[in-house]
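Chain by chain, the residues:
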Amino acid sequence: MEHEKAVKEALNALYHHPDDTVRVQADRWLQNFQGTLDAWQASYSLPDLTWIFLGSIVLHSLYLVADNLLHDSSSNLETLIFCSQTLRSKVQRDFEELPPGAFQKLRESLTTLLKKFHKGPPKVRTQISIAVAALAVHVPAADWGDGGIVSWLRDEMNMHPEYVPGFLELLTVLPEETFNYKIAARPDRRRQFENELTSQMEAALSILTACLNIIELKEQVLEAFASWLRLRHGIPGAVLACHPLVHSALSSLNCDPLSDASVNVISELIHHTASPSSGGISAQTPLIQVIVPQILSLKAHLRDSSKDEEDVKAIGRLFADVGDSYVELIATGSDESMVIVHALLEVTAHPEFDIASMTFNFWHSLQLTLTKRDSYISLGSEASIEAERNRRQHVFRPAYENLVSLVGFRVQYPEDYQDLSYEDLKEFKQTRYAVADVLTDAASILGGDTTLKILYMKLLEANAQPGNGFQEWRPAEAILFCIWAISNYVSVVEAEVMPQVMALLQNLPQQAQLLQTACLLVGAYSKWLNAAPASVSILPSIIRILMSGMGASEDCAAAAALAFRHICDDCRKNLCGYFEDLFTIYCMAINGGSGYKVSAEDSLNLVEALGMVVTELPLDQARSALEKLCLLAASPLEEAAKEDLDKKHARELTVHIDRFAFLFRYVNHPEAVAAEINKHWAIFRVIFDARPWDMRTMEALCRACKYAVRTSGRYIINTIGEMLAKIQFHYQQHHQPCFLYLSSEVIKIFGSDPSCADYLKNLIETLFAHTTCLMTSIKEVTARPDIADDCFLLASRCLRYCPHLFIPSHIFSPIVDCAIIGMTVQHREACHSILTFLSDIFDLEKSVNEEQFKRIRDNVIIPRGATITRILISSLAGALPSSRLDTVTYALLALTRTYGLQAVGWAKATVSLIPRTAVTETESAKFLQGLSDAAYGADVNSLIGHAEELSDVCRRNRTVQELVQAALKPLELNLVAHVS
């Protein structure tokens, strides 16, 4: 009674109390209540049964708190909803915690509630129905009597016809719960339940057919039918074609308003006919011949302005389902399939984007089917394949030409675009990108040049009156956006339309959105610009467009900077003679001259652009050009160094350091880059020493050094020693992860260089020794995930590039122990790096084939093998999120393939620790057999399947997961003494 009163008071506070704080407290209390075993009481237990919970012996009263409140006539709707949700959740997750024999009483209680709420409230009835369905998933069919739950349900409906609405709801949710993984059922039992339901399909449809006679229940009956169809059981098409339920759904398509349930049924029937488990389209032809004509008869409603929008949307959905499901049939180009294609074009033409966009996936799938070679492979010879592909594409060309005209207008800015909210603007942009995808599908069939001509004609229409100067800019901008979208499909030698488009761009008004799209278009056609016969004469006018864009708005400036980068990338040879002009533009952009609005971030596109042009210059000219660019980046840093660097905001420094990084990355003149890093090393050194505590500045500085090392290679040898000395010194004091990733780059470049062996060995030992001291427990690894991530990325690089320095060193064993400590860290990247490092050790033979290294590896791994295996299996069983399953499984596979039956023995010892209440003997044996097969080279997918099943079993509810983790103790490491 105290619990019941507390629940009612908490719900009342949650929904009605004026104080937000009180409502939050009430919500937290109710969540805690739903999550504890106090929600269960002993109504389903044997007399005097006691349970141990949270260390206390609790004698539970006769009924569930939720059960009592659901039966209480004074409970309001809020209480009923909450308690029905609680009851449903408990049956789904915690049914195993009930003692044997509780099933009958629980079923009786739930059945009583289902009868009580057979007329609603609907939300409550649904929750009770889901609870009964969850019970059916847990309990074998035999416990429900002959025929399982469906036969039991039929008997209940015959005995209590007044409660049919409630029982129909249960019949509806039963198949839906088959794939509900919130239900804590074992995988074997879940598969059994699916088989039980499919075997009872005929009985279920018989019940529904009988209920069709009750007019007021027709919608509910059809919803239940749709639900059972989702099981994709192979009912013959000829049977369904003449089934009363199918005919009832088809006849309801002519209702006004349209029946939602009938639409759901027809949609599921379409999917059913295309499902391989139903025999595929050929086996379902009789049903298809009944369904499709009925759907096509609805085409006229698409143009009926008096038709309710929701009805039109439902009709559009059916047409889209037909297209998506029968796309391979439609792709044959038969007369019958073209009727469907024309109907889908009408859906695409609908003014409402939500309706039109339903067909977009079809146009994409059809394009793939028409263009991919696999669609024609059965034809045999290449000549036959090519002939049939050409025939089909010719048949569909008119449809795709029509499609281009139908979708283009949808990307046009609305008249009130300036008043759009952030969310509306975001939705508009998503619409534009969706249309862009459709246009690329059309271009794949028509060819880019043909699609371009269609769009260009639209552009001329938008500017139909000569000399109007695009006063109405929105239609022109829309077409330019469409031309931008198909840029990858237009030939670089196209000479009819693109010259006119480029000429047209020069006469555009200075309208920000229009200019932004023009800049994007210019950048997208940079390869065409490079190949154009008049490229050299066109480029100056194109650069002027971009300069205008840089001064229009921040968004336009960003587009212009990006286009600038593309043009300098693809037209770099033609721009070599214009470096000084480009440099002047760059100077104005980064200094804000001429009203330019290029942000610091977007200016990096300009740096990259100039770097590409410098790459094409002869070495002497490149040295001079790079010197000018680096000086521009170094001067502000040197000025800042004259003041107190400690007081500078990081952004004041990183903006210039990032420009160094981009120059070192994109100027592909190793000697010139080495000369510049050597020249400016003094300012780098000052910043290293002044701000080693500042993560953002150190990351920028290490990034610049990384690219300098990568580009310069051996030319930087004079600076590398001092650079590594700085890294070692500052890492020991400030633990910046970026020092580790810079070291990774150095190892990659110089790892195999004998002349660098001494200082690289010192670097490795210093960094790893300090890292192992930082991370001596999982708590410390969790607190420093970035260090863990970069440390083990570095360790993997050492295995690959300098195993002769790393594996024999005294630090190899401690770093393996550090990895073992961190295996269960929850941080995704850190965990991945650690597991990958361990896998690389197990797979050492793939990169190193020297016996001495394998011997050292085995001396370290074998004493720790049992611990590593236990932690890996713990990770599969819930110590790590299920999203890490593939990485964990591969590590276990690599370990098993290297150590064979010894590793299987470690796994067997680990699995034996798991209580049989959590994992049965059969489930354990399946997993171990999969591991044993993997040890002998079986397909990795087999082990993945067994690992996934073990994971599902161990994670099926929180209690089981905690039980398994308590048994496996993944945080107990039992590390052995270090072996050198």
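Residues numbered from 1 in each chain as written. Predicted model: local features only at pLDDT ≥ 70, side-chain atom pairs only at ≥ 80, totals over all residues. Heavy atoms only, no water.

Helix and strand counts for the protein come out as 52 helices and 2 strands. The burial tally for the protein puts 55% of its 980 residues in the buried class. Here the contacts in the protein between residues at least 6 apart in sequence split such that 73% fall between residues at least 24 apart. When the accessible surface of the protein is totalled, it reaches about 41,400 Å², and 52% of it is carbon and sulfur. When the 86 basic and 116 acidic side-chain charges of the protein are each reduced to a single mean position, those positions are 4 Å apart. (Helix = DSSP H or I, 4+ residues; strand = E, 2+ residues; numbered from the N terminus. Buried < 20%, exposed > 50% of the residue type's maximum accessible area, 1.4 Å probe, protein only. Contact = heavy atoms within 4.5 Å. Areas by Shrake-Rupley, 256 points an atom, 1.4 Å probe, with all protein chains shown as cover. Lys, Arg positive; Asp, Glu negative; His and termini not counted. Charge placed at Lys NZ, Arg CZ, Asp CG, Glu CD.)

Once that is clear, we can look at the domain arrangement of the protein. The assigned domain composition of the protein is domain 1 (621-732), domain 2 (735-846) and domain 3 (863-979). Summarising the inter-unit geometry, the C-alpha centres of domain 1 and domain 2 are found 25 Å apart. Contact residues are listed per partner, giving 25 residues for domain 1 and 26 residues for domain 2. Buried surface at the junction of domain 1 and domain 2, both sides included, amounts to about 2,300 Å², of which 70% is carbon and sulfur. For the interface between domain 1 and domain 2, the tally reads 2 salt bridges. Between Glu745 and Arg710 there is a salt bridge, with its nearest N and O atoms 3.0 Å apart. Where domain 1 packs against domain 2, one counts 11 residue pairs in polar contact (both at pLDDT 80 or more). Contributions of two or more residues to the side of domain 1 that touches domain 2 are made by helix H38 (695-712) and helix H39 (717-734). (Domains from an automatic or database assignment. Buried area = accessible area lost by both parts, 1.4 Å probe. Salt bridge = Lys/Arg side-chain N within 4 Å of Asp/Glu carboxyl O. Polar contact = N/O pair within 3.5 Å; in protein donor to acceptor, adjacent residues only side chain to side chain.)

All told, the structure shown has 53 salt bridges when counted by the stated rule. For the salt bridge of Asp188 with Lys926, the shortest nitrogen-to-oxygen distance reads 3.4 Å. Here Lys926 lies in helix H50 (residues 921-935) and Asp188 lies in helix H9 (residues 187-199), a separation of 738 residues in the sequence. For Lys926, a relative accessible area of 32% puts it in the partly exposed group. Glu382 is the salt-bridge partner of Arg373, the closest N and O atoms lying 2.0 Å from each other. One salt-bridge network, held together by shared partners, links Asp188, Arg191, Lys926 and Glu949.

Right, let's talk about the side chain of Gln965 for a bit. Mapped onto the elements, Gln965 comes out in helix H52 (residues 958-968). A polar contact of 3.5 Å, which involves the side chain of Gln965, links it to the backbone oxygen of Ala877.

Inspection of the secondary structure assignment puts Phe684 in helix H37 (residues 681-690). Placed 39 residues apart in sequence, Phe684 and Met723 show a C-alpha to C-alpha distance of 9.4 Å. Sequence-distant contacts of Phe684, that is, excluding residues within four places in its chain, are made with Phe660, Phe664, Ile677, Leu701, Ala704 and Cys705.

Moving on, we come to the side chain of Ser712. Locating Ser712 in the fold gives a position in helix H38. Side-chain polar atoms of Ser712 contact the backbone nitrogen of Ala674, separated by 3.2 Å. Other than its neighbours up to four places away in sequence, Ser712 contacts Pro670, Val673 and Ala674.

Take helix H11 (residues 218-229) next. With 12 residues, H11 extends 17 Å from end C-alpha to end C-alpha; this agrees with the ideal 16 Å at 1.5 Å per step. Within H11, 9 of the 12 residues are buried, which leaves the element mostly enclosed by the surrounding structure. Among all positions in H11, only Gln220, Val221, Leu222, Ala224, Phe225, Ala226, Ser227, Trp228 and Leu229 are buried. (Expected span 1.5 Å × (residues − 1).)

Glancing now at the packing of H9 against helix H51 (residues 940-954). Describing two packed helices takes the angle between their axes plus the distance from one axis to the other. Remark: H9 packs on H51, axes separated minimally by 9 Å, with the N-to-C direction vectors making an angle of 95 degrees. Considered as vectors, H9 and H51 are oriented roughly perpendicular to each other. Residues Pro187, Asp188 and Arg191 of H9 form the contact with H51, whose participating residues are Glu949, Asp952 and Val953. (Axes fitted to C-alpha atoms, helices over the stretch in contact; angles between N-to-C directions. Parallel < 35°, antiparallel > 145°, perpendicular 65-115°, else oblique.)

According to the stated counting rule, one finds 24 aromatic pairs in the structure shown. A ring pair is formed by Phe579 and Phe583, whose centres lie 6.0 Å apart and whose planes are at 25 degrees; its orientation type is stacked. A residue pair is termed a helical-turn pair when its members lie 3 or 4 positions apart in one helix, as Phe579 and Phe583 do in helix H32 (residues 579-591) at 4 residues. Of the two residues examined, Phe579 and Phe583, each falls in the buried class. Above the face of the Tyr181 ring, Arg190 is positioned so that its terminal group lies 4.4 Å from the ring centre. Residue placement shows Lys628 over the ring face of Phe583; its charged tip is 4.5 Å from the ring centre. (Phe/Tyr/Trp six-rings, centres within 6.5 Å; stacked < 30°, edge-to-face > 60°. Lys NZ or Arg CZ within 6 Å of the ring centre and 35° of its normal.)

Below, the discussion takes up the environment of Pro670. Mapping Pro670 onto the fold places it in helix H36 (residues 670-679). The spacing of Pro670 and Ser809 is 139 residues in sequence and 33 Å in space, taken between C-alpha atoms. Pro670 has contacts with Thr711, Ser712 and Tyr715, leaving out every residue within four places of it along the chain.

So, on to the packing of helix H21 (residues 360-371) against helix H22 (residues 382-407). Orientation of H21 relative to H22, taken along the N-to-C sense of each, is 155 degrees, at an axis distance of 11 Å. Taken together, the axes of H21 and H22 lie roughly antiparallel to each other. Remark: the crossing between H21 and H22 carries left-handed chirality. Facing Phe360, Trp363, Leu366, Gln367, Leu370 and Thr371 of H21, the residues of H22 in contact are Arg389, Arg392, Gln393, Phe396, Tyr400, Leu403 and Val407. Of the residues contributing to the contact of H21 with H22, the split by class is 8 nonpolar, 3 polar and 2 charged. (Left-handed = near helix turned anticlockwise from the far one by under 90°. Nonpolar A, V, L, I, M, F, W, Y, C, P; charged D, E, K, R; others polar.)

Attention shifts here to the nonpolar core. Counting 331 residues, the largest nonpolar core has Phe564, Phe806 and Phe837 as its most contacted members. Sort the elements by how many residues they give to this core and helix H49 (residues 885-911) lands first, with 12 residues. Setting aside chain neighbours within four positions, we find Phe564 in contact with Ile543, Leu546, Met550, Leu582, Ile585, Leu606, Ala609 and Leu610. (Core = buried A, V, L, I, M, F, W, Y, C linked by side-chain atoms within 4.5 Å.)

Time to look at helix H6 (residues 122-138). Its 17 residues place the ends of H6 24 Å apart at the C-alpha level, agreeing with the 24 Å of an ideal helix rising 1.5 Å per residue. Burial runs high along H6: 14 of the 17 residues are buried.

In this section: unusual backbone geometry. With a phi angle near 55 degrees, His735 is a residue other than glycine that sits in the positive phi range. Since its relative accessible area comes to 23%, His735 is described here as partly exposed. At Lys969, a position not held by glycine, the phi torsion is positive, near 50 degrees. For Lys969, the position within the fold is in the segment after H52. Judged by its relative accessible area of 37%, Lys969 falls in the partly exposed class.

With respect to the secondary-structure elements, Arg659 resides in helix H35 (residues 650-666). Sequence-wise, Arg659 and Phe167 are 492 residues apart; in three dimensions their C-alpha atoms are separated by 70 Å. Among the polar contacts made by the side chain of Arg659, one reaches the side chain of Ser603 at a distance of 3.1 Å.

On to the state of the cysteines, then. Per the counting criterion, the structure on display carries 0 disulfides. Free of any disulfide, Cys791 has its nearest cysteine sulfur in Cys818, 5.8 Å distant. (Disulfide = S-S within 2.5 Å.)

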